[in-house]
Structures are given as structure tokens and as C-alpha cells.
Amino acid sequence: MAIKRPEGTKDLLGAEAQFWARFRSTAFDLFARYGYTPIDVPMFEKTELFVRGIGEATDVVSKEMFTVVSGGNLAKLVAGEHVRSDSRFSLRPEGTAGVVRAVAQNGMLQEGGAPVKVSYAGPMFRAERPQNGRQRQFNQVGIECLGADDPSIDAEGIIMLMRFFESIGIPADKMTLLLNTLGDESCRPAYRDALKGFIVDNAADLCEDCQRRAETNPLRALDCKEEGCQRILADAPRIEDYLCDDCKAHYAQVKAYLDAAGVTYVEDSSLVRGLDYYTRTVFEVRVSVGMDNNQNAIGGGGRYDKLMAEIGGSDTPGFGFALGYERCKIALEAIGAEFPEPPAPALYIACVSSDQRALAFSLAQQCRDAGVACEFDHQSRSLKAQFKQADKLGCAHVAILGPDEVAAGVAKVRDMATHEERKVALEELPQALEK
Ligand code: HAM
């Protein structure tokens, strides 16, 4: 049987590949207006980076990473021999850890001064159970800002994200922006302890995952999808009652900026996100169309003031978000958006016999150099078959080269819609089509 692509991956073809390219460039153009410039980092990193950066107890790290070893080490692993931890690599499950590593490793904060604002796009890999809106390889577009802890960074990032979603055609009334703060290292420990105590006290009525989370990461229990757990956890201690004055003031200022920009949000004290690096602001954008509730987040992010120090860099505040391309596409399809096919070549150069092929080859080159998209026959087809191909490609014009035309230094140009024909001097072909 022919080999198929792995489950949970997708081939982007035609209109979809075209849309992904436009999606990325629309994002980069908008983000550049806010000072974010592109960065491109490896698709795999040392596993340790994700373990330390994202958190060992997170689902993403403990269950969903694709971890690889290089050739020689694979043989060792198969033979049951030890493979050093710095020889283990993982396909990136998200972009933040790698970008923060790159900013630290390349001394970008020293060179350009803070804040460093970067944007990125590309595939991420998570070994999740594939379903609508949940893939094993998916594309994210994201931004990270390093070196500034001012709430204006958080607010402008969130505003930029909402503007982007609207610019690609997702209406504001189909999106909900959820907002929360997780406090910082001075106020979160007390909240963590209080929540842990609550979970332990109610353990008998909570699922096994929540009971386990009491030890590993009590905040993640707030995210539990079990109805029974949600009912009980509705009475759990709330972060807002534990925030220190600095965190309270930071959060209030983020909200004030969003209010001033007219961006509406819903405060949700159970929003904790699935990655352990967050401090203070966290947010997520969910849609009401196309996907069920577990997959309807089209983007999310927040502040991570301790991440760079955690992976061995300087103590540097950070903020960022990432959005999921495939989920945006599903939402757009559900609201009836159209995805145009890649544009057809304007011209097809057809030859009556193979005697004109060399001329067709050089004419095609001249047209392309002049900015006219054109195609010609690469497979020695008959004239009739060349017309068929031109029609299939959607070419608006066909230039016919036969012995008589070549002798007279012209091409017969047929308008494929009206079937009108006119003679055009060969050297004027590109200009004639531009008109
Ligand atoms: P995340 O919420 O894990 O955050 O992922 C961001 C977005 O990627 C999600 O909202 C969703 O649209 C998409 N996504 C995640 N997993 C899948 C999947 N299996 N299939 C399809 N789409 C998916 C992050 O990754 C953080 N790095 C965001 C961030 C940047 N925080 C700070 N800076």
C-alpha cells in the first residue's frame, strides 16, 4: 500500500497553501507596525530546554513531545545503553522557549537594547490525539517581547492580536477574549498553597487528574474539563484575593489600556493556560464557530517574567502570544469565508510544432522578466492539448507560434474568454499583455 502522511498532519495544497502564505505575511505586516520583526529559530531544541522552560509537569512536556536522538545515539538507545540528556532533542511543541533561548544566546538584549520584539511563524509538534482543530503538526504565528515588564507591552500585544483576527475576517462577535492574572513569585506561592489545601480537602469528589495536580501543579486543576470537578472548583480560592499590590496594579493597568482601546474582554479567574512559565497576565481568544469547546482557542499567551532566568539566561521579563493557523482557518470556513486559488498565469505560449519550442522558451523568459506570469508546454503536447492545458490553468491569453508567425516575427494572441485573435510583434508581447 502507498505510504500515507502521518495521522494528525496535513498537506497544504493550492488555495490552502496560498492562504497560509497570505496569512503569515498579513500577520508580519501588521506586527511590524508595532515594532515586531521576524526571527527564525530551529524546529528542534535540546529536550532540556522545554523541560525547564515549559515545565516537566505540563501535559505538553510530559505527554506530548516528539523526542528524538541523532543516528548514532539511536543505536545506543535500541541497545539499551545510556544516552546523555544533552543528546536528546525534541521537536518544538511551541515557539516561546526556543525564541527566548535565541535572544539570550545571541546577546540580542545587549546589542539593540530592550525591549527586543520578534515575530515568528512555522510548524509546532505535539503528540496529541488528532481531531478537528487538534493536529500533531500545526502552524503557529507568534510574537515575543523581551526586556520590558510594562503593562503597555501586554495591552498592545493583545490589541494587536485582536486586530489581526479581525483583519483576516473573524468578526468580533464570534470571538471572546478571556483575561486573567496569575500573580508572581511573591504572591503566587500563597495562592498555590491555598488551592492545594482546597483540592486535598475535596479530593474524594475530584477526578484522579485533579488529585495528582494537587502535588504537581494545583493551578492546572482549575482547567479541568470534568463537569463534577468544575462544580466543586467553582468554590475554590481565587487568585484575585491573593495578589500582591504590584501584581494588582499591573493587571489594573493592562485592563485600563484595553478599555481605552475599546477592546472587550471577559475576566476568568480559572484561566491558567497549559504552560508553566506564565506570571501575571494570561489571556486566550476563543471562537464560537467551527470547533467544539476543547479546541476553540485560536490564540493565547501572556507574560513570562521568569522564563529566561529559568533556562539559564539573565533575569529578563517577557511577554508573547501565539495563534493557531489551522484553527483560524476552520473558524473562517465555518463563517463562509472564501479562499481564492493561486492566480492563473496571464499567458500560455503554444507551439504548432516542436520547431518553435526554443523560441517559446526564450519568449516565456522575457515575459516573466517583464513581470507577466506565463507558462508553456514542457511535454511536447499537440496544439489541441496545449489549448486544453491553457484552459485548465485558467490562462486569459494564449500566444500561438507557428512557422508563418515566426517568419513574420509575430504571435497570434487569442483572448480565451472572447476567442478574439490579434497579431502582436514578438518583442511587444509582454507589454501587450500588461495592457
Ligand atoms: P498555546 O496556547 O499552547 O500557547 O498555543 C497557541 C495556539 O496554538 C492555540 O491557541 C491554538 O490555536 C494553537 N494550537 C495549540 N495546539 C494545537 C494543536 N494540537 N493543533 C492545532 N492548533 C493548536 C503557546 O504555544 C505559547 N507558546 C504562546 C505564547 C507565546 N505565550 C507566550 N508567548
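Here, every reference points to the structure presented above.
Keep in mind that what you see is a predicted model, and the values were worked out from it rather than measured.

Trainee: Please provide a residue-by-residue account of the side chain of Thr9, values included.
Mentor: Structurally, Thr9 can be placed in the segment before helix H1 (14-33). Residue class for Thr9 comes out buried when judged on its relative accessible area of 17%. Side-chain polar atoms of Thr9 contact the backbone oxygen of Pro6, separated by 2.6 Å.

Trainee: Give a detailed account of the pairing of strand E4 (residues 88-91), specifying residues and quantitative values.
Mentor: Relative to E4, strand E2 (residues 44-46) runs antiparallel, the two sharing three bridges. Considered in E4, the bridge of Phe44 is made with Leu91.

Trainee: Go over the packing of helix H7 (residues 151-167) against helix H12 (residues 245-260), please, and point to the residues and values.
Mentor: Relative orientation of the contacting elements H7 and H12 amounts to 40°, with a least axis distance of 8 Å. With respect to their mutual orientation, H7 and H12 come out oblique. Crossing of H7 against H12: the hand is right-handed. Here Pro151, Ser152, Asp154, Ala155, Ile158 and Ile159 of H7 lie close against H12, whose contacting residues are His250, Gln253, Val254, Tyr257 and Leu258.

Trainee: Can you explain the sheet that holds strand E9 (residues 279-287)? Please cite residues and give values.
Mentor: On the basis of which strands lie adjacent, the open sheet formed by eight strands has the order E1-E5-E6-E11-E10-E9-E7-E8 and mixed pairing. In this open sheet, the two strands that pair with only one neighbour each are strand E1 (37-38) and strand E8 (266-267). Inspection of the sheet shows strand E7 (residues 175-181) paired to E8 by two bridges, in the parallel sense. Residue pairing in the sheet places Leu179 in a bridge with Glu267 of E8. Contacts from H1 reach strand E5 (116-125), strand E6 (137-146) and strand E11 (318-324) within the one sheet, and its direction differs from that of E6 by about 5°.

Parameters at a glance
- Residues numbered from 1 in each chain as written.
- Predicted model: local features only at pLDDT ≥ 70, side-chain atom pairs only at ≥ 80, totals over all residues.
- Heavy atoms only, no water.
- Helix = DSSP H or I, 4+ residues; strand = E, 2+ residues; numbered from the N terminus.
- Buried < 20%, exposed > 50% of the residue type's maximum accessible area, 1.4 Å probe, protein only.
- Polar contact = N/O pair within 3.5 Å; in protein donor to acceptor, adjacent residues only side chain to side chain.
- Pairing = 2+ DSSP bridges.
- Axes fitted to C-alpha atoms, helices over the stretch in contact; angles between N-to-C directions.
- Parallel < 35°, antiparallel > 145°, perpendicular 65-115°, else oblique.
- Left-handed = near helix turned anticlockwise from the far one by under 90°.
- Contact = heavy atoms within 4.5 Å.

Take it as geometry only, folks, not as evidence of what the structure does.
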